[in-house]
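Single-letter residue listing:
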Amino acid sequence: MNNVSSIPRKPDVQLTSPLAQRLHLKLDYDQLTNCMRCGFCLPACPTFRETGLEQESPRGRIALMKAVADGLMSPDQAFQDQMNHCLGCRACEPACPADVKYGQLIEQARDAIEDEVKHRIPVRGLRRTVFEGLFPHRKRLKVLGGALGFYQKSGLQKMARHSGVMRMFPKHLAEMEKVLPEASANGVVEQIGTIFPAKGETVARVALFRGCIMDVLFAQTNVNTVKLLSEAGFEVVIPNEQVCCGALHAHSGEMELARSLARTNLSVFKEAGIDYIVSNAGGCGALLVEYDHLLHEDSEHAEMAKWFASRVIDVSQLLHEHGRIPVFAETEERTSGTVTITYQDSCHLRNVMKSSNAPRQLMKQVANVNFVEMKEADRCCGSAGIYNVTQPEMAGEILSHKMEHANRTEARYLLTSNPGCLLQMKLGVEKHGAAGEMEVKHIVDFLYERICHHD
Ligand code: SF4
Ligand code: SF4
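Residues numbered from 1 in each chain as written. Chains lettered and ligands numbered in written order. Predicted model: local features only at pLDDT ≥ 70, side-chain atom pairs only at ≥ 80, totals over all residues. Heavy atoms only, no water.

A. Local environment of the overall build of the protein. Summing up its helical and strand segments, the protein has 25 helices and nine strands in all. A globule of 455 residues ought to have a C-alpha radius of gyration of about 23 Å, and the protein, at 22 Å, matches this closely. Each principal axis of the C-alpha atoms in the protein carries an extent, and together these give about 70 × 50 × 40 Å. Counting across all 455 residues of the protein, residues that qualify as buried make up 54%. Put simply, of all contacts in the protein between residues at least 6 apart along the chain, 78% involve residues at least 24 apart. In the structure as shown, the protein presents an accessible area of about 20500 Å², 52% of it carried by carbon and sulfur atoms. With 51 positive and 55 negative side-chain charges, the protein shows a spacing of 3 Å between the two charge centroids. (Helix = DSSP H or I, 4+ residues; strand = E, 2+ residues; numbered from the N terminus. Rg over C-alpha atoms; globule rule 2.2 N^0.38 Å. Buried < 20%, exposed > 50% of the residue type's maximum accessible area, 1.4 Å probe, protein only. Contact = heavy atoms within 4.5 Å. Areas by Shrake-Rupley, 256 points an atom, 1.4 Å probe, with all protein chains shown as cover. Lys, Arg positive; Asp, Glu negative; His and termini not counted. Charge placed at Lys NZ, Arg CZ, Asp CG, Glu CD.)

Following this line, the structure appears as structure tokens:
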């Protein structure tokens, strides 16, 4: 048992800058002092591996945070850059023998920075538009999906590409535009309604967390998720009042907005009367499963947040552990022999939701498929929410190393469990891979298309 007097206390220091005061207030000092500086986390960290620099490692970032909290260092621009260079992939957490909650520390640091830093007017406007004006509003996202779908299908996209107008955008955004899937205003509810019955005897009643961007760019994956769950014996409800999970907000220092979205989701899902809340996006699921921590200081919602977090599960894990798994097979029409597949872990699914075995077990059950493990499949692909947009250089370097490993598998299909990873890997195949020979897919789409006996 801890001797209370041995628990390090946040020092009572005089800090002059408002940012230093804010960091001092928000950083969890127990977590900072839990780090014993062993360095076991360093080999797991993609930014350390790319640069070899201590300040680009989890241990280095924790030391910087502690130096600021102790009043030994000013949180200057270099400090802020180090906080922003972190992918938030949380690969350092499973590697840490002291169980340091690094993910919480980096969110606290970014939250403090966002509270105090004055962005330039265009950046401020963009952040407000995206985080407050768009993501929390389903109707606006649908309008955006419809407009993007029109741009893609009407010939405007082709015109924009041929006219050279895309060259006006930063290179990485123009590259990203090329791999965007077909957007639509019709999400999963518009396509199949809010309740979908189980096939055969019902195993459990579950709710789908449809996501915000997921339901605009990957609505078909949401539909396939519901149908796959139904085949496995789950009745699926899709509460239509649900909102964005708040993950992008939390990772970008907008913690209050993330909490506000979480509170809406709590009541919506509580009313649905379900056994599980199913996520098919590792990035969303990782925040949903931590709603209890997100709202632990909110006495009115803390209990309900615990209820919510305890029911969140990834679709692969639910199928593998509780479902009647259908028979899957690669068909003769698609291949004359076996087909090789590989898998890129979603960092948040693996490191936060602790689900890396279930997707692999499901893939290995598909007949006529040869599963080849990609070297370092557990390492981040560089997507990391909007990291590939805000830190394109580091994201690009990480992706090019990732593709060296992916190409060595000679896989026909590269599967993922998160929309951000899926887009990043599509970009990787386009830039460094065998475009036309390797296809990137969500694991749900791959499995659903290979169910042997659809009714
Ligand atoms: S979250 Fe990822 S990038 Fe950030 S310090 Fe940990 S391992 Fe490194
Ligand atoms: S592994 Fe944990 S305790 Fe060791 S340096 Fe990294 S964060 Fe600190």
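B. Spatial organisation of the pairing of strand 3 (residues 234-237). Judged from the two bridges that link them, strand 1 (residues 195-196) and strand 3 form a sheet pairing that is antiparallel. Across the sheet, residue Ile 195 finds its bridge partner in strand 3, namely Val 237. Pairing geometry for strand 2 (residues 204-209) and strand 3, over four bridges, is parallel. By the bridge assignment, Ala 204 is partnered in strand 3 with Phe 234. (Pairing = 2+ DSSP bridges.)

C. Broad picture of the pattern of salt bridges. Taken as a whole and assessed by the stated rule, the structure comprises 32 salt bridges. A salt bridge links Glu 132 to Arg 128; the shortest N-O distance between them is 2.2 Å. Highlighted residues: Glu 132 and Arg 128, both in helix 7 (residues 121-134), separated by four residues, approximately one helical turn. According to the relative accessible area criterion, Glu 132 is partly exposed, its value standing at 36%. In this structure, Arg 138 engages Asp 215 in a salt bridge whose closest nitrogen and oxygen atoms are separated by 3.0 Å. Note that Arg 138 is positioned in helix 8 (residues 138-153) and Asp 215 in helix 12 (residues 214-217), a separation of 77 residues in sequence. (Salt bridge = Lys/Arg side-chain N within 4 Å of Asp/Glu carboxyl O.)

D. Representation of the pairing of strand 8 (residues 413-416). Burial of the side chains of strand 8 extends over both faces: Tyr 413 and Leu 415 are buried on one face and Leu 414 and Thr 416 on the other. Pairing of strand 6 (residues 339-343) with strand 8 involves three bridges; the strand directions are parallel. By the bridge assignment for strand 8, Tyr 343 is matched with Leu 415. Here four bridges tie strand 8 to strand 9 (residues 439-442), and the two strands are oriented parallel to one another. Across the sheet, residue Thr 416 finds its bridge partner in strand 9, namely His 442.

E. Molecular detail of a nonpolar patch on the surface. Together, Phe 169, Leu 173, Ile 386 and Val 389 give the surface a local cluster of nonpolar side chains, amounting to about 300 Å² of exposed area. Note on placement: Ile 386 falls in the loop between strand 7 (369-371) and helix 22 (387-390). (Patch = residues over 30% accessible without salt bridge, like charges linked within 9 Å, V, L, I, M, F, W, Y side chains within 5 Å.)

F. Quick peek at helix 1 (residues 18-26). Buried residues of helix 1: Leu 19, Ala 20, Leu 23 and His 24, and no others. Each buried residue of helix 1 lies within a common arc of 140° when the element is viewed along its axis, so the set occupies one face. In this structure, the buried side of helix 1 is in contact with helix 4 (58-69), helix 5 (77-85) and helix 6 (102-116). (Arc of directions from axis to C-beta.)

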